[in-house]
Amino acid sequence: MSMTTATEPGVLSFEQAYETVREYCVQIRTVGCGKPPQTEEVPLLQALGRVLAEPVLADRDFPPFPRATRDGYALRAADLMTMPATLRVVGQVRAGDSYDLPVLPGEAVEIMTGAAVPEGADTVVMVEHTALKSIEQDSKHKVGEEFVDPAISASKKDDEIINDILEALTDSKVVHSSAKSGEKAKEQADDYVEIQKSLTAGENIVPAGAEAKIGQEMLSPGLRLGPAQIAMAAAAGKAHIRVYRRPRVAILSTGDELVEVAENPGPHQIRNSNSYSLAALVMAWGGEPEQLPIAPDELGKLTALVQAGLAADMLLLSGGVSMGKFDLVEQTLKSLGAEFFFTGALIQPGKPVVFGEVQAVNETKTSEENKTKGDAGTPDELQLDRADAVVKKKIPLFGFPGNPISVMVTFDLFARPVLQALGGAVPVRLSTAKARLRTDFKAKTGLTRFIPAILEGGLSDPEVEAIAWQGSGDLLASSRANCYLVVPPDRAQLAAGEMVSVVVR
């Protein structure tokens, strides 16, 4: 991996800095930072947003039976050689039920979406392409044959004879409630369905095992669990699931101009908003933020707070990374043996961003973990177990500029992938899109710019417009934006109407 060292600091292009971070993430996932991420088992719903630490396997075929994808009729495609086709309806099957008899030639079974397709049927026709018919049968004749009892016909009136003739010309007979004594009781009408659209075998059916076979891996370790993945795990019977522990991220804001949020700032002071934006970003991407006290522009106190931050899995600092007289972060980190992979990136905002790592000494076992060891082993081994062991661990760190938008942009571009890798996840690339620029935008060349912007419009006509802002300290502009307009380093102007790249927040 090509990285600069503390004695060879460098400012990289955006692409170089981005790839440097991605290579570092690969190292985290392959060799770790000193010890593998810890895991824990949690109730399934509490795993939302967490990173999966074990494969989720299919505990049976998915679907476990041939599944109908439409409301309609299950039948044999061979019965649809001549259209329209009329079939006898022999049953009904709802989702969760079954029809246990095979579907024979000339038969159809009414079926609901999600139900198991009966044996013998190989296609499902949508109810919209059918018409239901009823054919009534007398107890003494077959369908389509007209049976007349002589004793009854002699006593019929002329209008009844006419009615019989009319009924014989229709698909069914009218059953009168005032039937005369001696009339033959009629059986319940048989249902027939007319199929009005030809289908081939397999249409509107998902075969058993089409989605997954029993034992197949459906969710892989390293996957961040969203609603769809939670649903998949639930379908596989995972009431509890093993996930990676959230990385602990220390957050340290520096500068004499800062005061805590609850305090009233002086005429030349500002509240510590960076600590909160970083904490919110860490939480949103699966980490546990630990906000440290504000570090003053004084080397001794800054060093002590940085050392406290190295007890976490990752350290984020804001402010103090520029070239000013009181910008002491790089000096402090060097004194602690930091290795720098880059000390700037050719971007706006966030050019002075620093990325590196420090080798720290951290505990490998907690006292609670030691208590679970029991009484096994020799006295010497027990004594070793009762004392927390230590290991040298490399802690990744980022030094961000102090301006609020710079902090958020550089976190999204560089720190987020590292946080994901520390938490066991496969880092995802930036979420980008193309949109039509609404108004002209001018910029100086030389830097890749990420300008707060608003993306709106429909699926086929997305538009983006840069927000008027007062530089990288303009929090109001950032709070209104839902994306960043990307301006390439070789473009001095983007013209209204052209397709441009945006990074979606």
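Residues numbered from 1 in each chain as written. Predicted model: local features only at pLDDT ≥ 70, side-chain atom pairs only at ≥ 80, totals over all residues. Heavy atoms only, no water.

(A) Local environment of the confidence of the model for the chain. Confidence in the prediction for the chain averages 83 pLDDT; 79% of positions are at 70 or higher. Low pLDDT (under 50) marks residues 1-8, which in the prediction has 20 contacts with non-local residues, meaning those over four places away or in another chain. Note that pLDDT drops below 50 for residues 168-189; the model gives that stretch 39 contacts with residues more than four away or on any other chain. (pLDDT = per-residue confidence, 0-100. Contact = heavy atoms within 4.5 Å.)

(B) Quick peek at the pairing of strand 26 (residues 483-487). Of all five residues that make up strand 26, five are buried, and the element is covered over most of its length. What you see with strand 26 is no split at all: Cys483, Leu485 and Val487 on one side and Tyr484 and Val486 on the other are buried throughout. Pairing analysis gives five bridges linking strand 24 (residues 448-456) to strand 26, with the strands arranged antiparallel. Across the sheet, arginine 449 pairs through a bridge with valine 487, a residue of strand 26. (Buried < 20%, exposed > 50% of the residue type's maximum accessible area, 1.4 Å probe, protein only. Helix = DSSP H or I, 4+ residues; strand = E, 2+ residues; numbered from the N terminus. Pairing = 2+ DSSP bridges.)

(C) Broad picture of helix 6 (residues 299-309). When helix 6 is considered as a whole, its buried residues turn out to be Leu302, Thr303, Leu305, Val306 and Gly309. An end-on view of helix 6 places all buried positions within 170° of arc, on one side of the element. Sitting at the head of helix 6, glutamate 298 places a side-chain oxygen 2.9 Å from the backbone nitrogen of glycine 300. (Arc of directions from axis to C-beta. Polar contact = N/O pair within 3.5 Å; in protein donor to acceptor, adjacent residues only side chain to side chain.)

(D) Region of interest: the packing of aromatic side chains. Under the counting rule described, the total for this entry stands at ten aromatic pairs. Each ring, one from tyrosine 24 and one from phenylalanine 341, has its centre 5.4 Å from the other, and the planes form 45°; the classification is tilted. Taken together, the residues tyrosine 24 in helix 1 (residues 14-31) and phenylalanine 341 in strand 18 (residues 339-342) connect sequence positions 317 residues apart. The class for tyrosine 24 is buried, based on a relative accessible area of 3%. Ring plane angle 55° and centroid distance 5.6 Å describe the contact between phenylalanine 342 and phenylalanine 355, whose orientation is recorded as tilted. Taken as a pair, phenylalanine 342 in strand 18 and phenylalanine 355 in strand 20 (residues 354-363) lie far apart in primary sequence, 13 residues in all. (Phe/Tyr/Trp six-rings, centres within 6.5 Å; stacked < 30°, edge-to-face > 60°.)

(E) Geometry of the nonpolar core. Core analysis: the biggest nonpolar cluster contains 58 residues, and Leu316, Phe398, Phe414, Val418 and Leu485 have the highest contact counts within it. Top element by residues in this core is helix 10 (residues 404-422). It accounts for twelve residues. Not counting chain neighbours up to four residues away, the residues in contact with phenylalanine 414 comprise Phe14, Ala17, Tyr18, Val21, Phe342, Ala345, Ile347, Val353 and Phe398. With 22 residues, the next largest nonpolar core counts Ala250, Ala295, Ala312 and Ala360 among its residues. (Core = buried A, V, L, I, M, F, W, Y, C linked by side-chain atoms within 4.5 Å.)

(F) How the structure looks around the environment of glutamate 128. Mapped onto the elements of the fold, glutamate 128 is located in the loop between strand 7 (123-126) and strand 8 (130-135). Residue glutamate 128 is classed as exposed on the basis of its relative accessible area, which comes to 55%. With 68 residues separating them along the chain, glutamate 128 and glutamine 196 place their C-alpha atoms 9.1 Å apart.

(G) Looking closely at unusual backbone geometry. In this chain, phenylalanine 62 is followed by proline 63 through a cis amide linkage whose omega measures -10°. With respect to the element layout, proline 63 can be found in the loop between strand 2 (56-57) and strand 3 (67-68). The residue after glutamine 348, namely proline 349, is reached through a cis peptide bond having omega -5°. Along the chain, the position of proline 349 falls in the loop between strand 19 (347-348) and strand 20. Even without being a glycine, asparagine 204 presents a positive backbone phi close to 65°. Turning to its location among the elements, asparagine 204 is positioned in the loop between strand 9 (190-195) and strand 10 (205-206).

(H) Molecular detail of the pattern of salt bridges. Following the criterion strictly, the structure yields 14 salt bridges and no others. The salt bridge involving lysine 394 is made with glutamate 357; its shortest N-O contact spans 3.8 Å. You can see lysine 394 sitting in strand 21 (residues 390-400) and its partner glutamate 357 sitting in strand 20, a full 37 residues away along the chain. Through salt bridges with shared partners, a single ionic network connects Arg438, Glu456, Glu463 and Glu465. (Salt bridge = Lys/Arg side-chain N within 4 Å of Asp/Glu carboxyl O.)

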